[in-house]
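Residue-level structure breakdown
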Amino acid sequence: MMLEKSVNEMQAIMETIFDIGYLGAVILLGVLMIRSCQGDRQFLLFGIMGVILGAGDAFHLVPRILALHAGDMESYAAALGIGKMISSITTAVYYTLLYHVWQLRYQVTDKNYLTIAVYVLLALRVILCLLPFNQWTSLDAPLSWGIYRNLPFVLLGILLMVILYQRAKKEQDTAFRWLWLTVVISFVCYIPVVLFAEAVPAVGMLMLPKACAYVWAMAMGYRAMKQKQVLNGYLNRFKVIR
């Protein structure tokens, strides 16, 4: 009994440290990009992505941290469920904004069908998440609805993987060369959690590399912004010298 209590306390401490680090990283990088983007819309959107992602995930992770330290998931079931619903919607918004970053970065203006597809999938995701059949506030929520609401989300993710990979390769974009991989890692880690975490709680550990993939994506965007600003600075100096 004492050993189990010690393990639970250690889990609570480690998860708290990781969650605070994750939320702090994505929100901080987002805020820095918003403040430092110098009017560049692709990096402004990238920054907004990070803030929305971190704020949305906080609605789920903060109640989870409190529940872990209290050792009482049942008392926090409603807060955890509502927070999970909010984060389910904000992650879809994150990928929708990432699509617009892709548009702006590669100056894509002739793919209206992709834009329609993205927003149809986003709308389906939001509608399915808001339906009462999800039973968000129950600790015994139906797996079937976990699958239904994630179908459009997975399709959105696949779309992003493909277009990010194809365009970065075509444009030889070294700054965003691996951005598609962050999407792959996120979904490869997320899908097993949706399907198996209730039966095998250890599968929930896959959310850790998923969170790391988000931080990697935000760091990639921040680095790309700084590289572009440095390059523009050199070009402006060169023009002055001439």
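As the structure is a computational prediction, the values presented were derived from the model and not from experiment.

Section: the packing of helix α5 (residues 143–171) against helix α6 (residues 179–196)
Interaxial distance between α5 and α6 falls to 9 Å at its minimum, and their mutual angle equals 165°. If you check the angle between α5 and α6, you find them roughly antiparallel. Both α5 and α6 take part in a crossing whose hand is left-handed. On the side of α5, the interface is formed by Leu 143, Gly 146, Ile 147, Asn 150, Phe 153, Val 154, Gly 157, Leu 160, Met 161, Leu 164 and Tyr 165, while α6 contributes Leu 179, Trp 180, Val 183, Val 184, Phe 187, Tyr 190, Ile 191, Val 194 and Leu 195. Counted by class, the contact of α5 with α6 contains 17 nonpolar, three polar and no charged residues.

Some points on the nonpolar core
One recurring pattern in soluble globular proteins: nonpolar side chains tend to sit buried together. The biggest cluster of nonpolar side chains holds 50 residues, and the ones touching the most others in it are Tyr 95, Leu 98, Leu 160 and Phe 176. For this core, the elements supplying multiple residues, two or more each, are α1 (2–36), α2 (41–70), α3 (77–105), α4 (112–130), α5, α6 and α7 (207–241). When near neighbours in sequence (up to four residues on either side) are disregarded, Leu 160 contacts Tyr 95, Leu 98, Tyr 99 and Val 183.

What to know about the confidence of the model for the chain
A residue-level look at the chain finds 93% of positions with pLDDT of 70 or above and a mean pLDDT of 91. The least confident element of the chain, judged by mean pLDDT, is α7 at 85; the most confident is α4 at 97.

Remarks on the packing of aromatic side chains
Scanning all chains against the criterion turns up 13 aromatic pairs. Geometrically, the ring pair formed by Phe 153 and Tyr 190 is edge-to-face, given 5.7 Å between the ring centres and 90° between the ring planes. In this pair, Phe 153 is assigned in helix α5 and Tyr 190 in helix α6, connecting sequence segments 37 residues apart. Judged by relative accessible area, which is 3%, Phe 153 ranks as buried.

Some points on empty space enclosed by the protein
Across all of its chains, the model carries one cavity of 30 Å³ or more by this definition. Of the volumes computed, that of the largest cavity is approximately 30 Å³. Elements supplying a minimum of two residues to the lining of the largest cavity: α3, α6 and α7. Of the residues assigned to the lining of the largest cavity, the class counts are seven nonpolar, two polar and no charged.

A look at unusual backbone geometry
Notably, Gln 135 is not glycine yet its phi reads approximately 50°, a positive angle. Structurally, Gln 135 can be placed in the loop between α4 and α5. Backbone geometry at Gln 172 places phi at a positive 50°, although glycine is not the residue there. Along the chain, Gln 172 turns up in the loop between α5 and α6. Taking the relative accessible area as the measure of exposure, Gln 172 reaches 68% and is therefore exposed.

Cut-off values and rules
- Residues numbered from 1 in each chain as written.
- Predicted model: local features only at pLDDT ≥ 70, side-chain atom pairs only at ≥ 80, totals over all residues.
- Heavy atoms only, no water.
- Axes fitted to C-alpha atoms, helices over the stretch in contact; angles between N-to-C directions.
- Helix = DSSP H or I, 4+ residues; strand = E, 2+ residues; numbered from the N terminus.
- Parallel < 35°, antiparallel > 145°, perpendicular 65-115°, else oblique.
- Left-handed = near helix turned anticlockwise from the far one by under 90°.
- Contact = heavy atoms within 4.5 Å.
- Nonpolar A, V, L, I, M, F, W, Y, C, P; charged D, E, K, R; others polar.
- Core = buried A, V, L, I, M, F, W, Y, C linked by side-chain atoms within 4.5 Å.
- Buried < 20%, exposed > 50% of the residue type's maximum accessible area, 1.4 Å probe, protein only.
- pLDDT = per-residue confidence, 0-100.
- Phe/Tyr/Trp six-rings, centres within 6.5 Å; stacked < 30°, edge-to-face > 60°.
- 1 Å grid on protein atoms, 1.4 Å probe; cavity = no way out; pocket = protein on both sides within 12 Å on 5 of 7 lines; lining within 4 Å.
- Points joined across faces, edges and corners; volume = space filled by probe spheres on them.

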